[in-house]
Amino acid sequence: MLSERRLKVLRAIVQDYVGTEEPVGSKALTERHHLGVSPATVRNDMAVLEEEGFIAQPHTSAGRIPTDKGYRLFVDRLAGVKPLSAAERRAIQNFLDGAVDLDDVVARTVRLLAQLTRQVAVVQYPSLTRSTVRHVELLPLAPARVMLVLITDTGRVEQRMVDCPTPVGETTLADLRARLNSRVVGRRFTDVPQLVQDLPEVFEQDDRGTVSTVLAVLLETLVEDTEERLVIGGTANLTRFGHDFPLTIRPVLEALEEQVVLLKLLGEASDSGMTVRIGHENAHEGLNSTSVVAVGYGSGDEAVAKLGVVGPTRMDYPGTMGAVRAVARYVGQILAES
């Protein structure tokens, strides 16, 4: 374990390097921070930090920069994240409150996160498998054609066409709508198949084919599309950090283009707490020079999806973590109220 004094020196190096983009020397550290010790002691502490792999000397520079291991310790020992100012919080709330539907909420969240953190923002759509049913609507379109509309607690709306085996009357449709909603509203998607399995038997023999067809389409809708949806924004922000990527920015951009990679990244984030993956902790090689800060969001206590940012390892961690957490909280509130 590092002594408190050496941890203080490491913190100062991280803060200075993130702020100035320049390798940090012992003289500058002593001048800028009240470390309460002589430059010689700071030099000695830096030598120990380097020996233990927390900082490194890039090429022939006189200064030192944090390694992935140094950033990891810095993040693990953070006293707290940087809170947003009242003005920033108001701006977030006003911007997100203007959203008209779930697609708009997700699009606005991505733009907001990218602007606040000046990193690449990634937002996953609320997962159907973790959602509950708010309402099922059945609308007659033609004698034997019905539109099924499924609305989730997160405001997600799924629409499907149902071609029935025989014409379906208004009374039967109204009866099916009422019985269906009485069984499934407020219930988790995963519970629905069991709740409706005997529903056709409640109807007259002539209507059972139609009821079974509607239920089959409903259950297909509940089974999550294998391709979870993601929205990404702010990729252009990475161009500001060209020198932070050792060889080229290309592997990072290629990794960001792969939905599978991003879904896996977000999937590794814990549902409740914040997840920070630094440099080589990211399994995908293209993201070895980046850090990922992600958190779950949802209406109520349970996360229905994840959101986060990807940026260089030289990142303002307290500020980024504060912004990601605040945005996730506001999005959760909007979903709960929608």
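Cut-offs used in this document
Residues numbered from 1 in each chain as written. Predicted model: local features only at pLDDT ≥ 70, side-chain atom pairs only at ≥ 80, totals over all residues. Heavy atoms only, no water. UniProt positions renumbered as here; feature names shortened; annotations may be inferred. Helix = DSSP H or I, 4+ residues; strand = E, 2+ residues; numbered from the N terminus. Expected span 1.5 Å × (residues − 1). Contact = heavy atoms within 4.5 Å. Domains from an automatic or database assignment. Buried area = accessible area lost by both parts, 1.4 Å probe. Salt bridge = Lys/Arg side-chain N within 4 Å of Asp/Glu carboxyl O. Polar contact = N/O pair within 3.5 Å; in protein donor to acceptor, adjacent residues only side chain to side chain. Nonpolar A, V, L, I, M, F, W, Y, C, P; charged D, E, K, R; others polar. Buried < 20%, exposed > 50% of the residue type's maximum accessible area, 1.4 Å probe, protein only.

The name given to the protein chain in an unreviewed UniProt entry is Heat-inducible transcription repressor HrcA, with the source organism recorded as Streptomyces caatingaensis. Quoted straight from UniProt, the Sequence similarities (unreviewed entry) entry for the protein chain says "Belongs to the HrcA family." Quoted verbatim from the Function (unreviewed entry) field of the UniProt record, the comment on the protein chain reads "Negative regulator of class I heat shock genes (grpE-dnaK-dnaJ and groELS operons). Prevents heat-shock induction of these operons."

> So what about helix α7 (residues 170-184)? Which residues, and what values?
With 15 residues, α7 should cover 21 Å at 1.5 Å per step; its first-to-last C-alpha distance of 21 Å lies within 8% of that length. On its buried face, α7 is in contact with β4 (133-142), β5 (145-152), α8 (192-196) and α9 (205-222).

> Summarise the domain arrangement of the protein chain; cite the residues concerned and give the values.
Here the protein chain is partitioned into domain 1 (4-77), domain 2 (86-126 + 228-337) and domain 3 (129-225). For domain 2 and domain 3, the distance between their C-alpha centroids amounts to 35 Å. Between domain 2 and domain 3, the contact holds 10 residues from the first and 9 residues from the second. Taking both partners together, domain 2 and domain 3 bury about 910 Å²; carbon and sulfur atoms supply 39% of that area. Counting the contacts that link domain 2 with domain 3 gives 0 salt bridges. Linking domain 2 with domain 3 are 1 residue pair in polar contact (both at pLDDT 80 or more), by the criterion used here. Each residue belonging to the side of domain 2 that touches domain 3 can be placed in one class, and the counts come to 6 nonpolar, 1 polar and 3 charged.

> Hey, could you go over the environment of V276 for me, with residue numbers and the actual values?
For V276, the location among the structural elements is in strand β8 (residues 274-278). According to the relative accessible area criterion, V276 is buried, its value standing at 8%. Apart from the residues lying within four places of it in its own chain, the contact partners of V276 are R72, V75, E281, V292, V293, Y317 and M321.

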